[in-house]
Amino acid sequence: MFNRIRHIKMILVAVAILIAIATLFTSNYLIKDLQQEEQQRMEVWAEAMRSLNSADANTDLNLVLKVINGNNTIPVIVLDNQGNVQTHRNLDIKFKATDDSIAMLRQKSVDMAEAGHSIRIYPDTPHDEFAPSAGEDEFIEICYDESLMIKRLAIYPYILLAVVVIFVLVAIFALFSSMRAEQNKVWVGLSKETAHQLGTPISSLMAWSAVLRDNYPDDVLLPEMEKDVRRLERIAERFSKIGSIPEPKPEDICDVIRRVVEYMNRRTSNKVKITVHLPSEPVIVNLVASLFEWVAENLCKNAVDAMSGSGAIDIDLKSTDTQVILEFHDTGKGIAKSNFKNVFKPGFTTKERGWGLGLSLAKRIIEEYHKGRIYVKSSELGIGTTFRIELPTL
């Protein structure tokens, strides 16, 4: 499941990148074609201006004026050989004989020329030439800019790219939300069914325990058997609460940790040493005690597995004004830094026979039911791992 989600994420990202590259390539290709077309139009417009300035009484100006007046999109500034502004077109600047407007037009023409958008014409040369005759220095310089359409097209690919990125992010979020909802339904259904199936044998064990106590009241094994039955009851209660909305109650978290350590000491070998550091005073926190016990037990069991049944577990509890901090440190094989977040994802496991659900459920219990946080504080391969749980205080 974990690998499948990763592959889907990689495919979606790859598709988004391909769409972005194709869009940018196509847009740049179209923009270059339009830029060349506009340059040719400006060369024709410049030729029309040269013809207008070289016209005599016998020149037919109808076609020339039609070409000049036909430019309604490309911004143009016409300068004389002294750099004085003669006229302009398609600019949002009202031409007035004031220092401000003239300076603005001159600066605009300089910017156009520096961008390579200028054509110099010589009115006295033949109509098919743009170079001056020997000794001629009279000319008109036409500076132009890209049309508004090309500028919009240049921005369009980036807008489209942003839309594609947003679409992919929404698609990934929707996919993960759907998969998570599906996983939640499976977990809830499995938990409810497990609790239901455990109910009948637990009731029978409780009845048989009562019978045995009546017949063998002094048997030393009966108390241990009853402890195990009560343990099974708590396990069934935990499964029944997963998927529901249990109401946390004020509990002394120190007592919960002590019960977990007592249980683990009975179920682990003497090669595993569990050390607990608890405050001398009670630490009251809103807890669903049965579920929080399961989280603590799960962390301890994972630590025992990581140490291969031999090592030390150190449990440290601290309390501040705003939160309670609980840390579980083990001397196991450690976790690679790249997997600090992956260990809480459903299906991720380093065990040969693991299901990869324990830490995922622990995260859900801490975050959704206790409004806290659980994460890998630190870990070094071959040295050990520290898990931290942070809970809000009352």
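Keep in mind it's a predicted model, so treat the numbers as computed, not measured. (Residues numbered from 1 in each chain as written. Predicted model: local features only at pLDDT ≥ 70, side-chain atom pairs only at ≥ 80, totals over all residues. Heavy atoms only, no water.)

## Section: the overall build of the protein chain
Link 1 in the chain: A count of helical and extended segments in the protein chain gives eight helices and eleven strands.
Link 2 in the chain: Here the protein chain, with 394 residues, has 36% of them falling under the buried criterion.
Link 3 in the chain: Excluding contacts between residues fewer than 6 apart, the proportion of contacts in the protein chain whose partners are at least 24 apart in sequence is 68%.
Link 4 in the chain: Carbon together with sulfur atoms contributes 57% to the accessible area of the protein chain, which is approximately 23800 Å² in total. (Helix = DSSP H or I, 4+ residues; strand = E, 2+ residues; numbered from the N terminus. Buried < 20%, exposed > 50% of the residue type's maximum accessible area, 1.4 Å probe, protein only. Contact = heavy atoms within 4.5 Å. Areas by Shrake-Rupley, 256 points an atom, 1.4 Å probe, with all protein chains shown as cover.)

## Focus on the pattern of salt bridges
Link 1 in the chain: The final tally for this structure, using the stated rule, is 16 salt bridges.
Link 2 in the chain: The partner of E327 in a salt bridge is R388, and the shortest N-O contact between them spans 2.5 Å. With a gap of 61 residues between them, E327 in strand 9 (residues 323-330) and R388 in strand 11 (residues 384-392) connect regions that are remote in the sequence.
Link 3 in the chain: The shortest N-O distance in the salt bridge between E367 and K363 comes to 2.7 Å. Taken as a pair, E367 and K363 lie in helix 8 (residues 358-369) at a separation of four residues, close to a single helical turn.
Link 4 in the chain: Taking relative accessible area as the criterion, K363 reaches 26% and is therefore assigned partly exposed. (Salt bridge = Lys/Arg side-chain N within 4 Å of Asp/Glu carboxyl O.)

## Side note on the sheet that holds strand 9
Link 1 in the chain: One open sheet accounts for five strands, arranged 6-8-9-11-10; its pairing is mixed. The open sheet has two free edges, formed respectively by strand 6 (272-277) and strand 10 (373-380), since each of these has just one partner strand. Averaged over all pairs of adjacent strands, the angle between their axes in this sheet comes to 15°, without regard to strand direction.
Link 2 in the chain: Where strand 9 meets strand 11, eight bridges bridge the pair, whose relative direction is antiparallel. Looking at strand 11, one finds that E327 is bridged to R388.
Link 3 in the chain: Strands in contact with helix 6 (residues 253-267) are strand 6, strand 8 (311-319), strand 9 and strand 11; relative to strand 6, the strand with the most contacts, it is inclined by about 170°. (Pairing = 2+ DSSP bridges. Axes fitted to C-alpha atoms, helices over the stretch in contact; angles between N-to-C directions.)

## A word on the sheet that holds strand 2 (residues 85-89)
Link 1 in the chain: Read from one edge of the open sheet, four strands run 2-1-4-3, paired in antiparallel fashion. Of all strands in the sheet, those with a lone pairing partner are strand 2 and strand 3 (118-121), marking the two edges. When the angles between neighbouring strand axes are averaged without regard to direction, this sheet yields 15°.

## A short note on the environment of L52
Link 1 in the chain: Mapped onto the elements of the fold, L52 is located in helix 1 (residues 2-53).
Link 2 in the chain: Judged by its relative accessible area of 32%, L52 falls in the partly exposed class.
Link 3 in the chain: As for L52 and I68, which are separated by 16 residues in sequence, their C-alpha atoms are 9.3 Å apart.

## Regarding a nonpolar patch on the surface
Link 1 in the chain: A cluster of nonpolar residues, I11, V15 and I19, forms a patch on the protein surface that exposes about 250 Å² of accessible area.
Link 2 in the chain: Counting through the fold element by element, I11 comes out in helix 1.
Link 3 in the chain: With a relative accessible area of 54%, I11 lands in the exposed category. (Patch = residues over 30% accessible without salt bridge, like charges linked within 9 Å, V, L, I, M, F, W, Y side chains within 5 Å.)

## Digging into unusual backbone geometry
Link 1 in the chain: Within the chain, S308 stands out as a residue other than glycine whose phi angle is a positive 55°.
Link 2 in the chain: One can find S308 in the loop between helix 7 (289-306) and strand 8.
Link 3 in the chain: Of note, K371 is a non-glycine position whose phi angle comes to about 55°, a positive value.
Link 4 in the chain: As for its placement among the helices and strands, K371 is situated in the loop between helix 8 and strand 10.
Link 5 in the chain: A relative accessible area of 63% means that K371 is categorised as exposed.

## Things to note about the packing of helix 7 against helix 8
Link 1 in the chain: Where helix 7 contacts helix 8, the two axes come as close as 10 Å, and the packing angle between them is 145°. You can see that helix 7 and helix 8 cross each other, and the crossing is left-handed. Where helix 7 abuts helix 8, its residues L291, F292, W294, V295, N298, L299 and N302 lie against G358, L359, L361, A362, I365, I366 and Y369.
Link 2 in the chain: Residues belonging to the contact of helix 7 with helix 8 are distributed by class as follows: eleven nonpolar, three polar and no charged. (Left-handed = near helix turned anticlockwise from the far one by under 90°. Nonpolar A, V, L, I, M, F, W, Y, C, P; charged D, E, K, R; others polar.)

## Points about helix 8
Link 1 in the chain: Its twelve residues place the ends of helix 8 16 Å apart at the C-alpha level, agreeing with the 16 Å of an ideal helix rising 1.5 Å per residue.
Link 2 in the chain: Listing the buried residues of helix 8 in full gives L359, S360, L361, A362, R364, I365, I366 and Y369.
Link 3 in the chain: Phi turns positive, to about 55°, at K371, one or two residues after helix 8. (Expected span 1.5 Å × (residues − 1).)

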